[in-house]
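Working through the structure, step by step
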Amino acid sequence: MLESIATAIRLPRILAAKSARRALLAAGTVALAATLGFLYYKTQSADFKRQNEALGLLRELKEIDARWDVDILRTRTDFSQPQTASPDPGALSRIQRDLAAAAQALDSPVLKRGLPDLASAFSQKAGMVDQFKQANAAAKQALSQVLASESEIAGLVRGSWQDFRERERLVAAESAAVQLIAETQRYYFALDDKQFMLVESVAADLRRAAPRLPPALRGGLNRLDARVRQLLAAKPGEQDLYVKLSFRTAGPRVDSLTGAFSRELETALVEQEFYRAYLVAYSGALLILLGYLATRLIASYRMLNAANEELERRVVERTRELSEALQQLKESEAQLIQNEKMVSLGQMVAGVVHEINTPLAYVKNSLGSVTGKLPDLLRLISETERLLELLRSGAANPEDLADQFGLTDRLVAQLQTHHVSDELQALVNDGLYGITQMSEIVTSLKNFSRLDRSKVGSFNLNDGLDSALMLARHELKRHEVKRNFGDIPPITCSPSQINQVFLNLINNAAQAISPLPGLISITTRREGDRHIAVEVADNGKGIPPEVLPKIFDPFFTTKDVGKGTGLGLSIVYKIVEQHGGSISVASNPGIGTRFTVVLPLTPPKPAPAAA
């Protein structure tokens, strides 16, 4: 005994120590596994395919920038070169989108940091290239029109040669026009302020000479002057865009980003090799640790085998002891439940005996009174029979016949005077009433105490409540019972078990009311489409909130010692649960208690016999 007590005292500390060791072991295992996973993750091969794609996309961007520079230079210097192609926004968007996806996939800080600036530079240059294309097209068109004016002026001079007498003016005008066209062409290919002034000077001379020339030639010279002015206005804008494009090249940015990305890749490879060396060393250390743990595990396994044999022996012995204790508990529980049933049966029999005494007294008193009246009736019958014999004989003495007739008449008058017939009828009715009362009680008792408790059938709960109220009438005679029975269909259940539930709840309600008298309300109603609800409510003293959760526990009772086993509500709960229903309770101290039983129309399975 002392050893068991000491073991029980040490057991919590032993369990706590084991729990701490297990927690520490689990934390160490998680740390080792996390370290191994981290090293393995750091040594994973880089996505070379994605890296090469990123480098290839950067090269494409550089090629696009170089192609733009070459095309712009050729377009500006070669008059016969067609206009430079507009930047392809689709290609640029594709390349930038692919680079952004590669930066996310590779998780490259260099690409994430440099791509926005690079995209902005290409976007600005693409816009300027488009502007340069438009300005160059305008300048080339103006130059083409200026060059076309040379043949137009020559034709106009020839057409005016015959009619215009001052032919030297025609020659001078044609020479000035040719010079203006030549100087304008030089200005187009070699833009500077001196050449611009020269073109302006020649154009001014030609404008001064135009009024003294033939109208047709004067109109041609005016058109030439307008075309020259158009070229002079378009060429500076093209030159300004060209200068800006010369300084706004995206190639160095691409080279810088490519170099930084390449260095980042090299650094990642070096770091990967570094972690690979650590992984090899760490893996070796883990293998050594695993070998050590394996040897310890084998030794522990051998110790556990011996301990398991001893433990199995103790478990078998303990199981046998627990089985015996369980069997004893079951026998004790069965005995207590039987005692509870006997107590309930005794209370019910006492009530039934009390209820039968009253109608039995009716019958006894009625029969006693009838017995007291029988001598007078028997004498009347006897005298009447004697009178009939005298009448049948035909030779009777008239005096004897008169005397017998007078005696019979007096006896009949006496019975009529005392209302013997009415009194006998009332006594018979009282006896029949008492017998009817006893018959109802016996019928209710018979219905309530069916021997086949496991029998399941169709049963109307209103009828069961009527039977339970009849049997509990002795407990309820000082209370008012209010029936609120609804129109409910019958349910499939064990009627005997359900009657026991109702009787227990009604008796509990009657016993909970103090001071007397009280009100007990019994209500039945449909609960949805598949359930019936029965409420038993009283206006008694109620149940305290701290006691309410325990009322369905076996052996729990609030009654005085010796007045209850604490199994009544436990049996009620078990029966309702076996029928697939539920029971709930709501109580307010000082106001009353309401028990609600909800039963299905058809239980999920046949209700088993009550325990």
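Residues numbered from 1 in each chain as written. Predicted model: local features only at pLDDT ≥ 70, side-chain atom pairs only at ≥ 80, totals over all residues. Heavy atoms only, no water.

1. Description of helix 6 (residues 193-209)
An ideal rise of 1.5 Å per residue puts 24 Å on 17 residues; helix 6 measures up with 25 Å between its terminal C-alpha atoms. For helix 6, every residue scored as buried is listed here: Gln-195, Val-199, Val-202, Ala-203, Ala-204 and Leu-206. For helix 6, the secondary structure elements touched by its buried residues are helix 5 (167-189) and helix 7 (215-247). (Helix = DSSP H or I, 4+ residues; strand = E, 2+ residues; numbered from the N terminus. Expected span 1.5 Å × (residues − 1). Buried < 20%, exposed > 50% of the residue type's maximum accessible area, 1.4 Å probe, protein only. Contact = heavy atoms within 4.5 Å.)

2. Looking at the side chain of Ser-587
Secondary-structure assignment places Ser-587 in strand 6 (residues 582-588). A polar contact of 2.7 Å, which involves the side chain of Ser-587, links it to the backbone nitrogen of Ile-543. One polar contact links the side chain of Ser-587 to the main-chain carbonyl oxygen of Gly-592, over a distance of 3.4 Å. Discounting residues that sit within four places of it in the chain, Ser-587 has contacts with Gly-542, Ile-543, Leu-548, Gly-592 and Thr-593. (Polar contact = N/O pair within 3.5 Å; in protein donor to acceptor, adjacent residues only side chain to side chain.)

3. Examining the nonpolar core
With 39 residues, the main nonpolar core has Leu-461, Phe-502 and Leu-505 as its most contacted residues. Residue assignment for this core shows that the elements contributing at least two residues are helix 11 (461-471), strand 3 (491-493), helix 13 (495-512), strand 4 (519-527), strand 5 (531-538), helix 14 (568-578) and strand 7 (592-600). For this core, the leading source of residues is helix 13, giving 8 residues. Of all hydrophobic cores here, the second largest spans 32 residues; its members include Leu-57, Leu-106, Leu-118 and Ala-135. (Core = buried A, V, L, I, M, F, W, Y, C linked by side-chain atoms within 4.5 Å.)

4. Some words on the sheet that holds strand 2 (residues 480-484)
Hydrogen bonding along the main chain pairs the strands of a sheet, whether they run parallel or antiparallel. With mixed pairing, the 5 strands of this open sheet are ordered in space as 2-4-5-7-6. Each of the sheet's edge strands pairs with one partner strand only, and the pair in question is strand 2 and strand 6. Between one strand axis and the next, the sheet turns by 15° as a mean value, whatever way the strands run. Sheet topology places strand 2 next to strand 4; 5 bridges connect them, and they run parallel. Note on strand 4: the bridge partner recorded for Arg-483 is Ile-522. Sheet strands touched by helix 11: strand 2, strand 4, strand 5 and strand 7. Its angle to strand 4, the strand with the most contacts, is close to 165°. Lying over the sheet, helix 13 contacts strand 4, strand 5 and strand 7, oriented at roughly 25° with respect to strand 5. (Pairing = 2+ DSSP bridges. Axes fitted to C-alpha atoms, helices over the stretch in contact; angles between N-to-C directions.)

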